[in-house]
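Residues per chain are reported as follows:
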Amino acid sequence: MAAAQDSNEISYLLPPNRKDWEEQGVPDFVYQQKELLEGIQWPRTAPSLRDRTPGSRFDSALCAAWRQRMELGLFRYRLGELQTQTLPGVVGFVAQLNVERGVQRRRPQNIRSVKQAFDPEQFNFNKIRPGEVLFRLLRQPDLPGALQQEDILVMINVSPLEWGHVLLVPEPTRGLPQRLLPGALRAGVEAVLLSSHPGFRVGFNSLGGLASVNHLHLHGYYLAHRLPVEGSPSEPLDPGGRLHLLRALPAPGFLFYTSGPGPDLEALVDRVCRATDYLTDHEIAHNLFVTRGAPPGKTSPSSALTGIRVILWARKSSFGVKEGEAFNVALCELAGHLPIKTSQDFGSLTEAAALALIRDCLLPPAQAEEVQAALVALIAQDEQ
C-alpha cells in the first residue's frame, strides 16, 4: 500500500509495466520535524520486518517499495531469512550467514587513495537501472536552525546485507567523490530518527575503508538485534564533552552524541564532518556508524536508547577485498555485525578470531594516539 502524506496519496511503488518505470519519475518523500522520533526503545521481542511493516511513515514507504523491488527481481539475489547467531563471549557479535553477497556483489573499483577524485567512466549511481530508486528524501523547508537541504536519493543496494538495505545518495549528477559532506550525514542521522525501528542504522565507508564505489553514498539497513556500540561505556576527551572515546570491544572509536533534532544535531554534524575531513586530508581511511544509543559515560549494552550515537573509527587503508577471510572489516563489522561469507566460517568463527581480524585493520597505537590528539585539538576550536 502506498504511504500517505497529509491528504494526498503518494505511491512509492513501480507501475506494473516496466516501460513506464522511467517515465514515472522519482517520488518525493517530504518529512516534517515532528516525524523525527525520540524515545524509541527495543521491545522485549525484536520487531520483525518480514511479518509486518513498522509503524512510521518512513518505514512503511521504504519497506513497501524495497519489498516490491525484491519481488520484481531488481536485486542480484533474493534475500531470504538469514541464519543468525550471537557469538559466545563478552562482545556480543551478531553473525549472519550471507553467502550470496560474498559471491555476487559488485567487485570494488580500483581505489588507490582516500582522496581519489570521482571518475565518471567507472560505475557510479548515474548508471543504475530505472526502478532502483525508491524515493527522494526531502526535509520540509524552513525547519528551525536547519541548513540547506541536500537532494538525497534513496535507492536499493542490489547486493543487500539485510532487509531494507538502501543507499542514501546526494544528487548523483553532481559527481561527488566518496568524501562525507554535512548534508549527506544530516540526512543519514535524520533517516535513523524517522524510523520507529530501533535497529535501523546508517553508516559510511571511506575510500580505503572498504567503500566499493567512489561516488558519495551512505548505507542504511535494518537489523533486528542490539549491537555492542549502542551502549558501550565511554570517557570524555574534551572538557565540553563533545568528543568521547569508546574503549570497549569490538574496536576503540570516537563517539559523538546528540539527544535529538535541533541545533545540537546541526553542531554534531559539523563536528563529525570536520573530523572526517581531517582524516581524509591526511589519507587516513575511516568508517562511521549512526545508531540510536545511550548517552556517553558509564553505560551498558542494555542502557536505554536516549539519543543518537555517531561512532567514527580511523583505520588502516585497505584497497580491494581480501579473499579467503570470514568477513571484511567495514562499518557494520566494527559495530559488531558480522556478515559471514561461507557456511564453514559461520559454523567455526569464534569471538577471538573475529577480534583478530578487526584488530589487524586498526591503526598502530602511536598513529592512533596522534589522530586522537589531532581530533581533540580540532574539537577544542569550538570553544574559541
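This structure is a prediction, so every number in the text was calculated from the model and none was measured. (Residues numbered from 1 in each chain as written. Predicted model: local features only at pLDDT ≥ 70, side-chain atom pairs only at ≥ 80, totals over all residues. Heavy atoms only, no water.)

Caption draft 1: Focus on the overall build of the chain. Scanning the chain for helices and strands turns up nine helices and 16 strands. Relative to its length of 384 residues, the chain is compact, with a C-alpha radius of gyration of 20 Å against a globular reference of 21 Å. In the chain, buried positions account for 56% of the 384 residues. Sequence-distant contacts, at least 24 apart, represent 71% of the contacts inside the chain between residues at least 6 apart. (Helix = DSSP H or I, 4+ residues; strand = E, 2+ residues; numbered from the N terminus. Rg over C-alpha atoms; globule rule 2.2 N^0.38 Å. Buried < 20%, exposed > 50% of the residue type's maximum accessible area, 1.4 Å probe, protein only. Contact = heavy atoms within 4.5 Å.)

Caption draft 2: Spatial organisation of helix 4 (residues 182–194). End to end, helix 4 covers 18 Å across 13 residues, agreeing with the expected 18 Å (1.5 Å per residue, within 8%). Among the 13 residues of helix 4, twelve are classified as buried, and the element is accordingly described as predominantly covered. Among the residues of helix 4, those classed as buried are Gly183, Ala184, Leu185, Arg186, Ala187, Gly188, Val189, Glu190, Ala191, Val192, Leu193 and Leu194. (Expected span 1.5 Å × (residues − 1).)

Caption draft 3: Representation of the environment of glutamate 121. With respect to the secondary-structure elements, glutamate 121 resides in the loop between helix 3 (99–104) and strand 6 (133–139). Here the alpha-carbon distance between glutamate 121 and serine 234, two residues 113 residues apart in the chain, equals 44 Å.

Caption draft 4: View of the pattern of salt bridges. Overall, the coordinates contain 14 salt bridges when judged by the stated rule. The partner of glutamate 266 in a salt bridge is arginine 139, with the nearest N and O atoms 3.7 Å apart. In this pair, glutamate 266 is assigned in helix 5 (residues 263–281) and arginine 139 in strand 6, connecting sequence segments 127 residues apart. You can call glutamate 266 buried: its relative accessible area is 13%. Close ionic contact of glutamate 230 with arginine 201 constitutes a salt bridge, the shortest N to O distance being 2.3 Å. Placement of the pair is glutamate 230 in the loop between strand 10 (218–222) and strand 11 (234–236) and arginine 201 in strand 9 (residues 200–205), with a sequence separation of 29 residues. Each member of the pair, glutamate 230 as well as arginine 201, carries the same accessibility label: buried. One salt-bridge network, held together by shared partners, links Arg139, Arg186, Glu190 and Glu266. (Salt bridge = Lys/Arg side-chain N within 4 Å of Asp/Glu carboxyl O.)

Caption draft 5: Spotlight on the pairing of strand 15 (residues 307–315). For strand 15, the buried fraction is high: nine of the nine residues fall into the buried class. Pairing of strand 13 (residues 253–258) with strand 15, which is carried by five bridges, proceeds in the antiparallel orientation. Bridge pairing in strand 15 places tyrosine 257 opposite arginine 309. One ladder, built from nine bridges, connects strand 14 (residues 285–293) with strand 15; its direction is antiparallel. Each residue of the ladder has a partner; that of leucine 288, found in strand 15, is leucine 312. (Pairing = 2+ DSSP bridges.)

Caption draft 6: Molecular detail of helix 8 (residues 351–359). All of the buried residues in helix 8 are Glu351, Ala354, Leu355, Leu357 and Ile358. On an axial view of helix 8, the arc spanned by its buried residues comes to 160°, and they lie on one face. Away from its buried face, by an angle of more than 90 degrees, helix 8 presents the exposed residues Ala352 and Arg359. Those residues of helix 8 hidden inside the fold are in contact with helix 6 (331–335) and strand 16 (337–340). (Arc of directions from axis to C-beta.)

Caption draft 7: Fine view of the side chain of aspartate 59. Following the sequence through the fold, aspartate 59 ends up in helix 2 (residues 57–71). The side chain of aspartate 59 sits in the buried core without any salt bridge; arginine 292 is the nearest counter-charge, 7.7 Å away. At a separation of 2.8 Å, a polar atom in the side chain of aspartate 59 contacts the side chain of serine 195. (Lys, Arg positive; Asp, Glu negative; His and termini not counted. Polar contact = N/O pair within 3.5 Å; in protein donor to acceptor, adjacent residues only side chain to side chain.)

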